[in-house]
Amino acid sequence: MIGTGNMGSLIVDALVRSKATRPRFISVTNRTKQKALELAKKYHLLSVYSSPNEILQHADIVFLCVKPSEFHLLLQTLRGGWHPKQLAISITSPISVTQLESLIPCQVARVIPSIVNQSLSGSTLVTFGSSVTDVQKSKLWAILSQFSHPIEIDEENVRVASDISSCGPAFLSYLLQRMIDGAVSSTSISKKQATQLTTEMVAGLGKIFEEHIYTLEELQKKVTVKGGVTGAGLTVLEQEISDVFEKLFTETQKKFIEDRHVVNTEFNGD
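None of these values were measured; they are calculated from a predicted model.

S.K.: How should the overall build of the protein be read in this particular structure?
M.R.: Looking only at helices and strands, the protein has 11 helices and 7 strands in total. By residue count, 36% of the 270 residues in the protein fall in the buried class. Nonlocal contacts in the protein, meaning residues at least 24 apart in sequence, comprise 59% of its contacts between residues at least 6 apart. Of note, the protein has its 27 positive side-chain charges centred 8 Å away from the centre of its 27 negative side-chain charges.

Given below as structure tokens:
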């Protein structure tokens, strides 16, 4: 693991909790070494190294968990350190597998995790490079399946897929928080009780979908009684939310294009 920030640490947690691997088979490094050492305290026998090049000497699978702006410089420093049988995995969406292949002389893939992988659930988005063998594909798929539902995503849809699976928890959390705040400001319910009811409702809702009891559309029909309270609330949502999610995805696509432009400038310059 090169980079043990939020997402790098999340992947380590998911790997260990799901028993996809044991800590003694995991090596980590981070620009701020203290973060890597904190993981080593949490997981006994996990190895901490001082540099990314040291990681390359000890790992068969290398997760690259750094910011897009740091990627090109990192790959430059790792030139000459890879061996052909390694699998390099990027977790950042703006960098394509084609760009990875231009600077990494081994098999490459992109895997975009989600915070819900910490609960050993949710999706991971996978894009394979052109040289990845069937054996490596199966190996990676088996690892990811221990803590997620891996889904292969093409380059064209990687941003919107990531918006739903990876950014989606933050988007929905914001909406749920607004629902809690609305309940508290317009009624006498306490924030503590409104929060408890909301989080327990969401947990139960997740189980309904996990067990395939209802689809989204079926659930709305089951809860909504003609002329009832739920219908009145849904009418407000239809009027107020309107095209908010179209605008949301338009803005995330714009940001994605901006990020890709920066990345492309660096890679094309190289």
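S.K.: Just checking my understanding: could you explain the nonpolar core for this structure?
M.R.: As a rule of thumb, soluble globular proteins bury nonpolar side chains together. Judged by nonpolar contacts, the single largest core of 27 residues is most densely connected at M1, I11, V12, F63 and L140. Put simply, the parts of the chain that give this core at least two residues each are α1 (6–17), α2 (33–42), β3 (61–64), β4 (87–90), β5 (107–112), β6 (123–128) and α6 (134–145). Of the residues forming this core, the biggest block, 6 residues, is contributed by α1. Setting aside chain neighbours within four positions, we find V12 in contact with M1, I26, V28, L39, Y43 and L46.

S.K.: What is the right way to look at the pattern of salt bridges in this model?
M.R.: Considering all chains together, one arrives at 10 salt bridges under this definition. For D163, the salt bridge goes to R159, with nearest N and O atoms at 2.9 Å. Of this pair, D163 and R159 both sit in helix α7 (residues 158–186), 4 residues apart, roughly one helical turn. Each member of the pair, D163 as well as R159, is classed as buried. Here K221 and E217 are joined by a salt bridge, their closest N and O atoms 3.6 Å apart. In this pair, K221 and E217 both sit in helix α9 (residues 216–223), 4 residues apart, roughly one turn of the helix. Each of the salt bridges in this network shares a partner with another, and the network as a whole consists of R110, E155 and R260.

S.K.: How do you make sense of the packing of aromatic side chains when you look at a structure like this?
M.R.: Describing an aromatic ring pair means giving the distance of the ring centres and the angle of the ring planes. Counted by the stated rule, this structure contains 1 aromatic pair. Taking 6.2 Å as the distance between ring centres and 35° as the angle between the ring planes, the aromatic pair formed by F128 and W141 counts as tilted. Taken together, the positions of F128 in strand β6 and W141 in helix α6 put the pair 13 residues apart, joining distant regions of the chain. Residue class for F128 comes out buried when judged on its relative accessible area of 12%.

What counts and how
Residues numbered from 1 in each chain as written. Predicted model: local features only at pLDDT ≥ 70, side-chain atom pairs only at ≥ 80, totals over all residues. Heavy atoms only, no water. Helix = DSSP H or I, 4+ residues; strand = E, 2+ residues; numbered from the N terminus. Buried < 20%, exposed > 50% of the residue type's maximum accessible area, 1.4 Å probe, protein only. Contact = heavy atoms within 4.5 Å. Lys, Arg positive; Asp, Glu negative; His and termini not counted. Charge placed at Lys NZ, Arg CZ, Asp CG, Glu CD. Core = buried A, V, L, I, M, F, W, Y, C linked by side-chain atoms within 4.5 Å. Salt bridge = Lys/Arg side-chain N within 4 Å of Asp/Glu carboxyl O. Phe/Tyr/Trp six-rings, centres within 6.5 Å; stacked < 30°, edge-to-face > 60°.

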